[in-house]
Structures are given as C-alpha cells and as structure tokens.
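Next come the chains, spelled out residue by residue.
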Amino acid sequence: GPDDSYFVWRKNGQKMVCITEQSHVLFDGRLHVLSWVKDSVSQNTEYKCSFISKVGNTTSEVFITVEDKGSLGQDGWAKEFDTWRSAISEHDKMMQNWKKSW
C-alpha cells in the first residue's frame, strides 16, 4: 500500500489501541503492512479492521461467537481432538506404508 497506510481496529465498535503493526518496503517502492491483535473474549465479540490510505479504504470484519461452556464442554473438545489425532495418525501410517511399497 501507499506510505500513508494505517490500520484502525475496533472491538464491539470501540477503537482498540493494543494492536501490533509491522511494515516492510518492497523492492518496487510499495509498502507491505501487517497488523494483528492478541485478545481474549468471554462473550460474543465483533472485530473490525480498517485499512486506510490516500488511495482508498477497506474494512474486514469477523464476529466471534462464544458458546455456553455446558454446550460442548472440555470433554467434548477432548473427544473431538482425539478423533482428529487418530485420523491423522492413521493417515500417517498409511503414507509410511506406501513409501515402503514404492
């Protein structure tokens, strides 16, 4: 983006100040800019990230939904994680067997 580019982050409509930005000038003179936030939420939260410059503006938004602790719970996540870990392990074993066959 242009050298006057900057970000504005909003959480539930309120401007955030705890953002991290990093920029790097590219070989053709353009500016590569990254921005991110670290945050934790305990309730449904809307984030908006606006990229602003003299050329124009664009906004991305995401809505994070926090589910009730009782709806899935730690046991549910542990079971789901174990299922995925098992599937990945089986896939890895199958790939290793194919390597031996080839």
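Just so we're clear, the structure is a prediction, and the values are computed from it rather than from any experiment.

Right, let's get into the overall build of the protein chain. Across its full length, the protein chain holds one helix and six strands. The helix and strand sequence of the protein chain, counted from the amino end, reads β-β-β-β-β-β-α. Taken over 102 residues, the protein chain has a buried fraction of 16%. Put simply, 44% of the contacts in the protein chain that link residues at least 6 apart link residues at least 24 apart. Accessible surface, the protein chain: about 8600 Å² in total, of which carbon and sulfur atoms supply 54%.

Take the confidence of the model for the protein chain next. Scored by pLDDT, the protein chain comes out at a mean of 80, with 83% of its residues at no less than 70. Here helix H1 (residues 69-101) is the element of the protein chain with the lowest mean pLDDT, 70, and strand E2 (residues 14-15) is the one with the highest, 94.

In terms of nonpolar packing, the biggest core is built from seven residues, these being Phe7, Trp9, Met16, Leu31, Val33, Tyr47 and Cys49. For this core, the elements supplying multiple residues, two or more each, are strand E1 (6-11), strand E4 (31-37) and strand E5 (45-52). Contacts of Tyr47, omitting those with residues within four sequence positions, involve Arg10, Lys11, Met16, Asp39, Val41, Ser60, Glu61, Val62 and Ile64.

Conventions and cut-offs
- The numbering scheme is per chain: residues are counted from 1 as the chain's sequence reads.
- Local features in this predicted model are restricted to residues whose pLDDT is 70 or higher, and side-chain atom pairs enter the listing and the counts only when it is 80 or higher, whereas totals over whole chains, interfaces and linings include all residues.
- Side-chain measures here rest on the full set of heavy atoms in the structure, leaving out hydrogens and waters.
- Under the scheme used here, helices are H or I runs from DSSP no shorter than 4 residues and strands are E runs no shorter than 2 residues, and both carry numbers assigned from the N terminus.
- In this scheme, a residue with accessible area under 20% of its type's maximum is buried, one over 50% is exposed, and one in between is partly exposed, where area comes from a 1.4 Å probe on protein chains only.
- Any pair of residues with heavy atoms lying within 4.5 Å of one another is described as a contacting pair.
- Every accessible area reported is derived by Shrake-Rupley at a probe size of 1.4 Å, with residue values counting cover from the shown protein chains alone.
- pLDDT: the predictor's confidence for each residue, scored from 0 to 100.
- The term nonpolar core refers to a set of buried residues drawn from Ala, Val, Leu, Ile, Met, Phe, Trp, Tyr and Cys, joined through side-chain atoms within 4.5 Å.

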